[in-house]
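Below, each chain spelled out in residue letters.
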Amino acid sequence: MQESFRLDILKVGEVATIRTIDEAVVPSKFFELGLLPGTTVEIKHKAPFSGPIGLHIHNSNTLVAIRKSEAIHIFVSK
Amino acid sequence: MTNPIIALLGNPNVGKTSLFNRITKLHQKVGNYPGITVEKREGTLKSGNKTYTIVDLPGTYTLFPTSLDEEIVFNTLADKSNKFYPDLVVVVAEPNNLTRSIILYQQARELGLQAIFVINMIDEVAAKGLDIDYNKLESYLQCHVYTTDARNGKGIKELIRAFDDRPGTYTGGFNIGSDYATIMEEAKGLFPLLTEYQTWQFVAQDKISFLSKELNDAILALRAKHQLTASNLQKHEVVRRHKTVDKNTEAIISKIENKHLTKTNVIDKYLLHPVFGYIVFFLILFFTFQLVFTLSTPIMDWIDENFSALIAYTSTVLPDGPISDLITQGLLAGIGGIVIFIPQIAILFLLVSLMEETGYMSRVVFLMDRWLRPYGLNGKSVIPLISGIGCAVPAIMSARNIENTKERLLTMLVTPFMTCAARLPIYIVLIGLVIPDETFMGIGLQGLVLTLLYVLGVVAALVSAWGLNLVIKSEHKSFLIFELPSYKTPDWKNVITNIWDKTSSFIFGAGKIILAMSVILWVLGSFGPNDKFSEAQKYVQQANPILEGAHLEEKIASFKLEHSFLGYIGMGIEPLVEPLGYDWKMGIGLVSSFAAREVFVATMATVYSLGENVDIEDEGQRETLLSRMRSEINRNTGLPAYNLASGVSLLLFYAFAMQCMSTIATVKRETGSWKWTIFQTVMMTGVAYIFAFIAYQTLK
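Residues numbered from 1 in each chain as written. Chains lettered and ligands numbered in written order. Predicted model: local features only at pLDDT ≥ 70, side-chain atom pairs only at ≥ 80, totals over all residues.

Chemist: With reference to specific residues and values, describe the overall build of chain A.
Modeler: Helix and strand counts for chain A stand at 2 helices and 6 strands. N-terminal to C-terminal, the α/β element order of chain A is β-β-α-β-β-β-α-β. Taking 78 residues into account, the globule formula puts the C-alpha radius of gyration at 12 Å, and chain A, at 11 Å, falls close to it. With the C-alpha coordinates aligned to their principal axes, the bounding extent of chain A is approximately 30 × 25 × 20 Å. Relative to its full complement of 78 residues, chain A shows a buried share of 54%. Contacts spanning at least 24 positions in sequence make up 51% of the contacts within chain A whose residues lie at least 6 apart. (Helix = DSSP H or I, 4+ residues; strand = E, 2+ residues; numbered from the N terminus. Rg over C-alpha atoms; globule rule 2.2 N^0.38 Å. Buried ≥ 20, exposed ≤ 12 C-beta atoms within 10 Å, placed from the backbone. Contact = placed C-beta atoms within 7 Å.)

Structure below.
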């Protein structure tokens, strides 16, 4: 098992796979939009000053934006 | 027999609305769902000898609602006694993301609904790098799969023929799993008549508005007993379904490189760039408002001229008397006051719906969220706030897609501070009166003041949001997740229907009130409670025996107004508005414009021209009014009624005060609470009073 870290520390262009999501804090809407354990995501955009993060979800080919405040509860590994 | 009801169900951004427009050929009406103001798009379709009712449900990802719009979807599909419970659900998908659409389709089928599956935007299959095995997909979904392209009408005929499809019973689907066996066993006692999945749906919903309080409480108690939350159950289903559907469709859908997204990526490199992105956004904003004003000005001038001509013509045709006055000064002037706003509203919504259609609006949310969050707002608040520059009514309605209750409430409470189109005529008239037409460091002073008033609106909205954020408690944690759809060329049909919906809601919603107020005002100003009004000439001549000619006429006119119903109301509130630097005539303007701000200008015109023969053909109506207002003396101070101090005070009053019955009505409908509605009105008008008071007392 690889080391996992918070999604928000990834830089633009980095690709990672979601390992765990803190279900107690992250709303189910995130799951509905395809942010699930096992999904591979690529950081596409980051708004300045810790603004939203734009993620490309690989298997569904969609671009989704989330806030840093939820990204810190999503753990990924490269 | 009632018409079969066909409901369109789908994720956002799948082109569902385009499809709806194609199917109904624009035979549609936009109304509201009973009791709440989620837009209800309903249309009819005649095909052969049958008529179908088509309902366009709001876009949703699953049947678990997180916003009002999504709640409608669940209520329509899960409640068999719902008026729009469909005979057939058409699940609309787009080729890029079939998994999410399949999940929605399965949920609908397992709830016991008849459904067919449509892949819209089929022309993009190749561009999106996909290959779909339709035969396999049909047997997997246990229904016919149709393909359409709503933009060019491809496949629509075939789809309409399928409206009599009833695919029958659906087998298989969601396996709840052993972890939840006990809670499900107990839940069956609550819903003895339902299938297993229906029961599961009810147990996994936060709150079900169509069930009794007892049942809701029972569900709540059941979950509490098992130490589960609705969110736990929802996530469980969503994760399971995603996994299964992804696995099952592996052999059905094959993917190569997505060319579409590549193009979107290239555009986003610029539009979401930390620096250029904001430059582009502010340029777009700047051009939007430039366009709104420059494009609408000639049209508004044209309407103004023609209405004046029409009023003048009507008054020459009709015999003199109260009926003629009612028609020209009450009715026609009122209609003119509504029509004049149409160009601005239409152009604003043209640009807003273009931003929505192309997919740029989500980018705005992405760019702006960081800057609005500190004020307790959400990136999605940008849309209501920006639309508030047009009219607060549609703007407040557009706050619906904000999931978080508190952020939605905050957005609705502060949006009316934004400088709406109705404030503009007041600003223009007042600035023309009290701000000198000079330049300061090469900048026109009048234009500068107007700009400052717009900035003031934004500042007031943000500061009050910040303050309210500290006071109002949140029910849910704030979160934000939204899709950035790939860029598309706009579907003009959608743009045009959207403009029509918004403009007509202004004409028939706010317009009604404006018209009614104009007529009421005319009546109040044309009649008085005692003989001082009817016998004005006698009283005036008795008091001033030496007056004659034009001076006498003027004196009589103002005496009449003073003793009309309107005059008595104005004088009644004079003590209240005197500290702000207003006289009773301006008081009348304030009272009447409580209905709608734009009424102020019309009222002032009525107040100052009642009993006078305004020769419109001889001079422009506005100039007449301006010069009339300039010469007006405040009888309390002996100074011109519109001097710098009272003018600035009045400008500030209108910048802050909740002077709009349509907005109040909308807020009541949207918040569902009189408490918040009254709070907002009192807060805004209170702030307005304080600022106007300070301004007048320091400047006088």
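Chemist: Which residues make up the interface of chain A and chain B, and what are the values?
Modeler: Listed by partner, the interface residues are 29 residues for chain A and 32 residues for chain B. Mapped onto the side of chain A that touches chain B, the elements with two or more residues apiece are α1 (28-32), β3 (40-46) and β5 (62-66) of chain A. Judged from the 3 bridges that link them, β5 of chain A and strand β12 (residues 481-483) of chain B form a sheet pairing that is antiparallel. What sits directly across from Val-64 of chain A, in β12 of chain B, is Glu-483 of chain B. (Pairing = 2+ DSSP bridges.)

Chemist: For the packing of helix α6 (residues 181-190) of chain B against helix α7 (residues 196-204) of chain B, give the residues involved together with the corresponding values.
Modeler: Residue and element names in this part refer to chain B. For the pair α6 and α7, interaxial distance at closest approach is 10 Å and the crossing angle is 100 degrees. On the basis of their axis angle, the class for α6 and α7 is roughly perpendicular. In this structure, α6 uses Ile-183, Met-184, Ala-187 and Lys-188 to contact α7, whose residues at the interface are Glu-196, Thr-199, Trp-200 and Val-203. (Axes fitted to C-alpha atoms, helices over the stretch in contact; angles between N-to-C directions. Parallel < 35°, antiparallel > 145°, perpendicular 65-115°, else oblique.)

Chemist: Kindly report on helix α31 (residues 674-699) of chain B, identifying the contributing residues and their values.
Modeler: Residues and elements named next belong to chain B. Helix length check: α31, at 26 residues, gives a terminal C-alpha distance of 37 Å against a target of 38 Å (1.5 Å per residue), a fit within 8%. Of all the residues in α31, the buried ones are Thr-677, Gln-680, Thr-681, Met-684, Val-687, Ala-688, Phe-691, Ala-692, Ala-695 and Tyr-696. Residues of α31 that are buried sit in contact with α17 (405-414), α29 (644-656) and α30 (661-671). (Expected span 1.5 Å × (residues − 1).)

Chemist: A description of the pairing of strand β4 (residues 53-57) of chain A should follow, citing residues and the corresponding values.
Modeler: Residues and elements named next belong to chain A. Along β4, 5 of the 5 residues are buried, which leaves the element largely enclosed by surrounding structure. Going residue by residue along β4, you find Ile-53, Leu-55 and Ile-57 tucked away on one face and Gly-54 and His-56 tucked away on the opposite face as well. In this sheet, β4 lies alongside β3 in antiparallel orientation, the contact comprising 5 bridges. The partner of Ile-43 across the bridge, within β4, is Leu-55. Where β3 folds back onto β4 in an antiparallel hairpin, the turn is made up of 6 residues, including Phe-49, whose phi is positive at roughly 55 degrees. Bridge count between β4 and β5: 5 bridges; the pairing is antiparallel. Bridged to Ile-57 within β5 is Thr-62.

Chemist: Any details on unusual backbone geometry? Residues and values, ideally.
Modeler: Unlike most non-glycine residues, Phe-49 of chain A shows phi in positive territory, near 55 degrees. Here Phe-49 of chain A is to be found in the loop between β3 and β4. Phe-49 of chain A sits in the exposed class, given 9 other C-beta atoms within 10 Å. If you check the backbone angles, Asn-13 of chain B has positive phi at about 65 degrees while not being a glycine. Looking at the secondary structure, you find Asn-13 of chain B in the loop between β1 (5-10) and α1 (16-24). Of the residues examined, Asn-13 of chain B has 19 C-beta atoms within 10 Å and is grouped as partly exposed.

Chemist: With reference to specific residues and values, describe the sheet that holds strand β6 (residues 74-77) of chain A.
Modeler: One open sheet holds the 7 strands; their spatial order is β1(A)-β6(A)-β2(A)-β3(A)-β4(A)-β5(A)-β12(B), and the pairing between them is antiparallel. Each of the sheet's edge strands pairs with one partner strand only, and the pair in question is β1 (5-6) of chain A together with β12 of chain B.

Chemist: I'd love a proper account of the environment of Ser-254 of chain B, names of residues and values included.
Modeler: Mapped onto the elements of the fold, Ser-254 of chain B is located in strand β9 (residues 253-255). Between the C-alpha atom of Ser-254 of chain B and that of Ile-5 of chain B, which follows or precedes it by 249 residues, the distance is 35 Å.

Chemist: If you had to explain α29 of chain B to someone new, which residues and values would you point to?
Modeler: Residue and element names in this part refer to chain B. For α29, built from 13 residues, the straight-helix expectation of 18 Å at 1.5 Å per residue is met to within 8% by its first-to-last C-alpha distance of 18 Å. Buried residues dominate α29, accounting for 11 of its 13 residues. Each element contacted by the buried residues of α29 is listed here: α18 (423-434), α19 (445-471) and α31.

Chemist: Can you explain the nonpolar core? Please cite residues and give values.
Modeler: Membership of the largest hydrophobic core comes to 128 residues, with the highest contact counts inside it found for Val-64 of chain A together with Leu-652 and Phe-656 of chain B. Judged by nonpolar contacts, the second largest core, of 48 residues, contains Val-90, Tyr-105, Leu-113 and Ala-150 of chain B. (Core = buried A, V, L, I, M, F, W, Y, C linked by C-beta atoms within 7 Å.)

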